[in-house]
Amino acid sequence: MKRILDTGNAACALAVKAAKVDMVAAYPITPQTSVAEKLAAYIAEGEMDAKYLPVESEHSVMSAVSAAAAAGARTFTATSSQGLLYMHEILHYAAGGRLSLVMANVNRAICAPWCLYVDHQDAVSQRDTGWIQLFAATTQEIYDSVILAYKVTEEINIPVMVNYDGFLLSHSMMPFEIVDQEIIDGFLPPFSPAWRLHPQWGGTFGNVTPSDQYPPYRNSLAADIVKAGEIIEKNAREYQRLTGHWHGGLFDIYRPEGAEVFLLSMGSMAAEMELAVDILREEGVPAAGLRLRVFRPFPARELCRILPGGARLLVFDRNHAFGTGSGALLSEAKAALFDRKDVIKVTGQVMGLGGEDLPAAYLVQKAREMMGVLK
Amino acid sequence: MSVKIKDMPDIDYVLPGSAACAGCPSAIALRIVGKALGENAIMVMTPSCAVASIGLLPKSCYSIPVLNICFASAGASGGGLTLALDALYEKGRLQGEKPTVFTWIGDGGTYDIGLQGISAAAERNDDFIHFCYNNEAYSNTGVQRSGATPLHAVTTTTPLGKEVARKNVPLLMLEHRIPYMATASLAYPLDLYRKVEKAKSVKGFKYIEILSPCSPGWKFAASDTVELSKRAVKSGSWLLWEAEYGKLTLNNPTRLLAEGKTQPIPVEEYLKDQGRYARLLKHPQKEEYLAAIEAEIRRELTFMADRAKL
Ligand SMILES: Cc1ncc(C[n+]2csc(CCOP(=O)(O)OP(=O)(O)O)c2C)c(N)n1
Ligand SMILES: [Mg+2]
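Residues numbered from 1 in each chain as written. Chains lettered and ligands numbered in written order. Predicted model: local features only at pLDDT ≥ 70, side-chain atom pairs only at ≥ 80, totals over all residues. Heavy atoms only, no water.

S.K.: Which residues make up the state of the cysteines, and what are the values?
M.R.: Residue and element names in this part refer to chain B. Taken as a whole, this structure holds zero disulfides over all chains when the rule is applied. With no disulfide of its own, C24 has C21 as its nearest cysteine by sulfur position, at a separation of 6.3 Å. Left unpaired, C214 is separated from the closest cysteine sulfur, that of C49, by 6.1 Å. (Disulfide = S-S within 2.5 Å.)

S.K.: Please set out the site of ligand 1 residue by residue, giving values where relevant.
M.R.: Surveying the vicinity of ligand 1 reveals 17 residues, the closest of which are G108, Y133, A137, S139 and N140 of chain B. Looking at what sits near ligand 1, you find residues from chains A and B. Here an oxygen atom of ligand 1 sits 3.0 Å away from a polar atom, N or O, in the main chain of C49 of chain B. Here an oxygen atom of ligand 1 sits 3.0 Å away from a polar atom, N or O, in the side chain of D107 of chain B. (Near = heavy atom within 4 Å. Polar contact = N/O pair within 3.5 Å; in protein donor to acceptor, adjacent residues only side chain to side chain.)

S.K.: Could you give me a rundown of the nonpolar core, with the residues and numbers involved?
M.R.: In terms of nonpolar packing, the biggest core is built from 142 residues, with M62, F76, I132 and Y143 of chain A touching the most fellow members. Per-element accounting of this core gives the leading share, nine residues, to helix α7 (residues 139–156) of chain A. Apart from residues lying up to four places away in sequence, I132 of chain A is in contact with V152, I156, I158, P159, V160, M161, I225, A228, I232, R296 and P297 of chain A. Residues A27, L37, V202 and I208 of chain B belong to the second largest nonpolar core, which totals 39 residues. (Core = buried A, V, L, I, M, F, W, Y, C linked by side-chain atoms within 4.5 Å. Buried < 20%, exposed > 50% of the residue type's maximum accessible area, 1.4 Å probe, protein only. Helix = DSSP H or I, 4+ residues; strand = E, 2+ residues; numbered from the N terminus. Contact = heavy atoms within 4.5 Å.)

S.K.: Which residues make up the domain arrangement of chain A, and what are the values?
M.R.: Residues and elements named next belong to chain A. When its domains are assigned, chain A resolves into domain 1 (2–243) and domain 2 (251–374). For domain 1 versus domain 2, the distance between C-alpha centres works out to 27 Å. Summing both partners gives a buried area of about 2,000 Å² for domain 1 against domain 2, and 57% of it is carried by carbon and sulfur. Where domain 1 meets domain 2, there are three salt bridges. With a shortest N-O distance of 3.1 Å, E332 and R127 are connected by a salt bridge. Remark: the boundary between domain 1 and domain 2 carries 12 residue pairs in polar contact (both at pLDDT 80 or more). (Domains from an automatic or database assignment. Buried area = accessible area lost by both parts, 1.4 Å probe. Salt bridge = Lys/Arg side-chain N within 4 Å of Asp/Glu carboxyl O.)

S.K.: Describe the layout of surface pockets, with residues and values.
M.R.: Sizing a probe to match a water molecule and rolling it over the atoms shows the empty space that remains. Within this model, the largest pocket holds a volume of roughly 800 Å³. Along the wall of the largest pocket there are 29 residues; nearest its centre are Y93, F205, G206, N207 and T209 of chain A. The set of elements that each furnish at least two residues to the lining of the largest pocket consists of α5 (88–96) and α9 (214–243) of chain A together with α2 (49–52) of chain B. In terms of residue count, the dominant contributor to the lining of the largest pocket is α9 of chain A (five residues). Of the residues that constitute the lining of the largest pocket, the class distribution is 14 nonpolar, 12 polar and three charged. (1 Å grid on protein atoms, 1.4 Å probe; cavity = no way out; pocket = protein on both sides within 12 Å on 5 of 7 lines; lining within 4 Å. Points joined across faces, edges and corners; volume = space filled by probe spheres on them. Nonpolar A, V, L, I, M, F, W, Y, C, P; charged D, E, K, R; others polar.)

S.K.: Provide a residue-level description of the coordination of the magnesium ion (ligand 2), including the pertinent values.
M.R.: All names here are of chain B. Protein ligation of the magnesium ion (ligand 2) involves D107 (OD), N135 (OD1) and A137 (O), the donor distances falling in the range 2.0 to 2.1 Å. Along the chain, the residues that donate to the magnesium ion (ligand 2) are spaced as D-x27-N-x1-A. There is no split in this pair, since N135 and A137 are both buried. (Donors = N, O, S within 2.8 Å, 3.2 Å for Na, K, Ca; no water.)

S.K.: Go over the sheet that holds strand β4 (residues 128–134) of chain B, please, and point to the residues and values.
M.R.: Residue and element names in this part refer to chain B. Judged by pairing direction, the sheet is mixed, and its eight strands sit side by side in the order β2-β1-β3-β4-β6-β5-β7-β8 without closing on themselves. The open sheet has two edge strands, β2 (66–68) and β8 (247–250), and neither has a second partner. Looking at each pair of strands side by side, their axes are set apart by 15 degrees on average, direction ignored. The sheet strands contacting helix α7 (residues 189–201) are β3 (100–106), β4, β5 (180–185), β6 (205–211) and β7 (241–244), and the helix crosses β5 at an angle near 160 degrees. (Pairing = 2+ DSSP bridges. Axes fitted to C-alpha atoms, helices over the stretch in contact; angles between N-to-C directions.)

S.K.: Mind laying out the packing of helix α3 (residues 58–70) of chain A against α5 of chain A, listing which residues take part and the relevant values?
M.R.: Residue and element names in this part refer to chain A. One can describe the packing of α3 onto α5 by two numbers: an axis separation of 8 Å at closest approach and a directional angle of 15 degrees. It follows from the interaxial angle that α3 and α5 lie roughly parallel. For the pair α3 and α5, the crossing hand works out as left-handed. Of the residues in α5, those in contact with H59, M62, S63 and S66 of α3 are E89, I90, L91 and A94. (Parallel < 35°, antiparallel > 145°, perpendicular 65-115°, else oblique. Left-handed = near helix turned anticlockwise from the far one by under 90°.)

Below is the structure:
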């Protein structure tokens, strides 16, 4: 294994190369662009044995990789913000069609008004498309999550989106370790799906389906994506055994010992949250950080298991769930905890939109406000 | 070179029991196309009558693999599929001969919602054949106007007749200078068959557009699909031609019309049995309108004759 210093986008591209994908299709958008550029260069220079399809829009990106995946190719794409929104129709198609796909989404605010910097509104807006959504918080985790995503999507036939924060992660240099190719090859053998869109296999894909036969398709996706949590964890363990890399299961918990106040967030702000937890601990608050790694499927059972009776949960949302008065994580967490017999107090705030800076001191102040609300 | 009906293989992509309307031009065309392409083919479709014709799952009236993708997706899905196959064959993960990839798309999916993606596939020179069966409307959703609906035609969204002319997508494709493209007609099946065979033999992006008179959409008797196809060509309303890398060749009978060696039949002969023109044909200014249509036909024939000299 080799340790290097590079950006999140570079780590992402290196992981895609290591995953030996067959085809890349992408359309440029800040801050994703350098992922697509690096992959185009790897392919052009023969460092990567794959095809690059320079499509003319993100709707076309998703249409192209979906068709390619139906033929049994391992594909990759990356996007951000408006690009992800533009794919919406085909995101549903890909998940409904149980296609094995991996996409990086470099999180960025959405318009109006225009803004180039991070929040999670793009990914949260695609919550109900049936995609698995992972959130990384370091360059190493981006690299490892992309590899893990292929393993998961090819095992469960549900597409996986690997999210990481625009600029804060995509463009910041951090040291990370590149895994030896033989180890990755052992973890991730070539994709060989049971069925391919091909005359040797026959059959048609996505036909018009009558009402009595339609629900089983949709319901099995709904059931299987819930099971994806276990599959993600199982494969993350296997990857850890091979590489020593571990970023947590469905949650990454910081200072859980004796904790009563839990600060829930995802993405890079969750890394800053560790400093906030340290400050609160110093002040005598029994705080812990809860970094959500898997937004979809939402790990409801895991959350219930982690929180002791009487716990207080403070939710830091970098998105709005419009119409609920708060963010998506708060709605999700409340729904997850509704069936608990003992009392768990939950509150949350929306912050950090459009790249608004979230230093630890600010997070501590917000945590205090939220604890005040729960008194 | 010249094909005879009896030379065409027995293979038929359209199985008995198709849910298509009687006289459906898409089904007729696909039968001919299937014979030219053979079994080693994959079809990509977008929402349209051709998809509705498949029948309900688990049945399918098409005997080859079909990807039923979304409406604007033809160009990108055709391109993604063919490039993925290239990768898989080159890496040896698929063995044998690469299947022919083709898209089978209506005028809505070609002229309107899908135009951007198809233009991009043409520009990239993706290796597949894009077929547009042009029935000059969104037939599947109940015959609304499309960018291919001609002037004066009544559709459910142009109840007084369309006030603007259709756009000329074949000409747009011609200037994409793709390796091969052609227009075709159901009344000239041997010409269509030959063009499909030619397209199959060429690598890169191919475009074939087939005028597809739609009985319920255009309001004519279901037995007359081929007859109307013929009158469209003979009146100069639909031109038959092909082109390699932008080098245009007119095909007969269009060439004879363009060279002035034969005269087009009066356009009224083509329009009169189509209910969608009933308003036009009863209009007080009918003669004026018909004269304008014929002048437009002459302009286009002259334009194409001159363009063929380039
Ligand atoms: C994004 C989207 N918008 C609208 C539709 C509804 N729709 C289904 S088929 C169709 C018309 C298809 O027209 P065309 O491509 O000409 O094929 P035809 O029905 O004439 O065979 C429309 C508008 C859709 N399926 N998807
Ligand atoms: Mg149509």
